[in-house]
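Per-entry structural report
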Amino acid sequence: AQTVTQSQPEMSVQEAETVTLSCTYDTSESDYYLFWYKQPPSRQMILVIRQEAYKQQNATENRFSVNFQKAAKSFSLKISDSQLGDAAMYFCAYRRGTSGSRLTFGEGTQLTVNP
Amino acid sequence: DTEVTQTPKHLVMGMTNKKSLKCEQHMGHRAMYWYKQKAKKPPELMFVYSYEKLSINESVPSRFSPECPNSSLLNLHLHALQPEDSALYLCASSQGLTGYVDTQYFGPGTRLTVL
């Protein structure tokens, strides 16, 4: 079975600084996808960034980027120039390559952004 | 447009009531999902519909009954719930195509309280 581990239950960062959230996963599959979702207090799960396992290039979306280390099964999220609106619970998630597959989530990291 | 809508936003029901949660998407997605989320925990998959057929049931108690009337609509019928069923119920949808990243997009959720 696939597992996703987020070892940092809570993190904090100063506004405008950079923070990295950690995620590791375990799978025997070769075809899979990885995601970071954020869930602010409004509770809507919002896609932050996604990575296809077959792509060597790390995904980036504006201030958000990932460090995907396939051999190490690591998928960390870097948030640059942190903003107050980045404060949220961040979930790392794994999905097998088959469509309609479940998302396996980590336990989440609660990010606080200090002004 | 990546919008998934859910109604109602909040629902309070007694243990003998029958109620329904509704989820709608107009993105042409063919896979739809129900998740249950307890406070400060990741979402837990309940059901998956793929091309309007139930493809995954995570051994959910029969007091939860899903229905997919068409490719845009997903309902969750509730009957004889227990107080421990109080949670945030999230709906998600994805394209449902194998070989693609098949990202799941979430609705804002229904906060359910069972008295």
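Note that the coordinates shown come from a computational prediction; the quantities given were computed from them, not determined experimentally.

Now for the state of the cysteines. Residues and elements named next belong to chain B. Under the criterion given, the structure shown has two disulfides over all chains. At a sulfur-sulfur separation of 1.9 Å, the disulfide partner of Cys23 is Cys91. Torsion about the S-S bond of the Cys23 and Cys91 cystine: about -70°, corresponding to left-handed handedness. Of the two residues, Cys23 sits in strand β3 (residues 18-25) while Cys91 sits in strand β9 (residues 87-94), which places them 68 residues apart along the sequence. Since its relative accessible area comes to 0%, Cys91 is described here as buried. In this structure Cys68 is a free cysteine whose sulfur lies 9.3 Å from that of Cys23, the closest cysteine sulfur available. Since its relative accessible area comes to 13%, Cys68 is described here as buried.

Time to look at the sheet that holds β3(B). Residues and elements named next belong to chain B. With respect to topology, four strands assemble into an open sheet ordered β1-β3-β8-β7, the strand pairing being antiparallel. Looking along the sheet, the strands with just one partner apiece sit at the ends: β1 (4-7) and β7 (64-70). Neighbour to neighbour, the strand axes of the sheet diverge by 20° on average, direction disregarded.

Between chain A and chain B, the residue contacts involve 23 residues of the former and 31 residues of the latter. Here chain A and chain B share an interface that buries about 2,200 Å² over both sides, 50% of which is from carbon and sulfur atoms. Applying the counting criterion to the chain A and chain B interface returns two salt bridges. The tally of links between chain A and chain B comes to ten residue pairs in polar contact (both at pLDDT 80 or more). Secondary-structure elements contributing two or more residues to the side of chain A that touches chain B are β5 (32-39), β6 (46-52) and β10 (88-96) of chain A.

Enumeration according to the criterion identifies 14 aromatic pairs over all chains in this entry. Pairing A:Phe105 with B:Tyr35 gives two aromatic rings, centres 6.1 Å apart and planes at 80°, and the pair type is edge-to-face. With A:Phe105 in strand β11 (residues 104-105) and B:Tyr35 in strand β4 (residues 31-37), this pair bridges two chains. On the basis of relative accessibility, which here comes to 9%, the residue A:Phe105 falls in the buried class.

The rules behind the values
Residues numbered from 1 in each chain as written. Chains lettered and ligands numbered in written order. Predicted model: local features only at pLDDT ≥ 70, side-chain atom pairs only at ≥ 80, totals over all residues. Heavy atoms only, no water. Disulfide = S-S within 2.5 Å. Helix = DSSP H or I, 4+ residues; strand = E, 2+ residues; numbered from the N terminus. Buried < 20%, exposed > 50% of the residue type's maximum accessible area, 1.4 Å probe, protein only. Pairing = 2+ DSSP bridges. Axes fitted to C-alpha atoms, helices over the stretch in contact; angles between N-to-C directions. Contact = heavy atoms within 4.5 Å. Buried area = accessible area lost by both parts, 1.4 Å probe. Salt bridge = Lys/Arg side-chain N within 4 Å of Asp/Glu carboxyl O. Polar contact = N/O pair within 3.5 Å; in protein donor to acceptor, adjacent residues only side chain to side chain. Phe/Tyr/Trp six-rings, centres within 6.5 Å; stacked < 30°, edge-to-face > 60°.

By themselves, these observations are geometric and do not establish any function.
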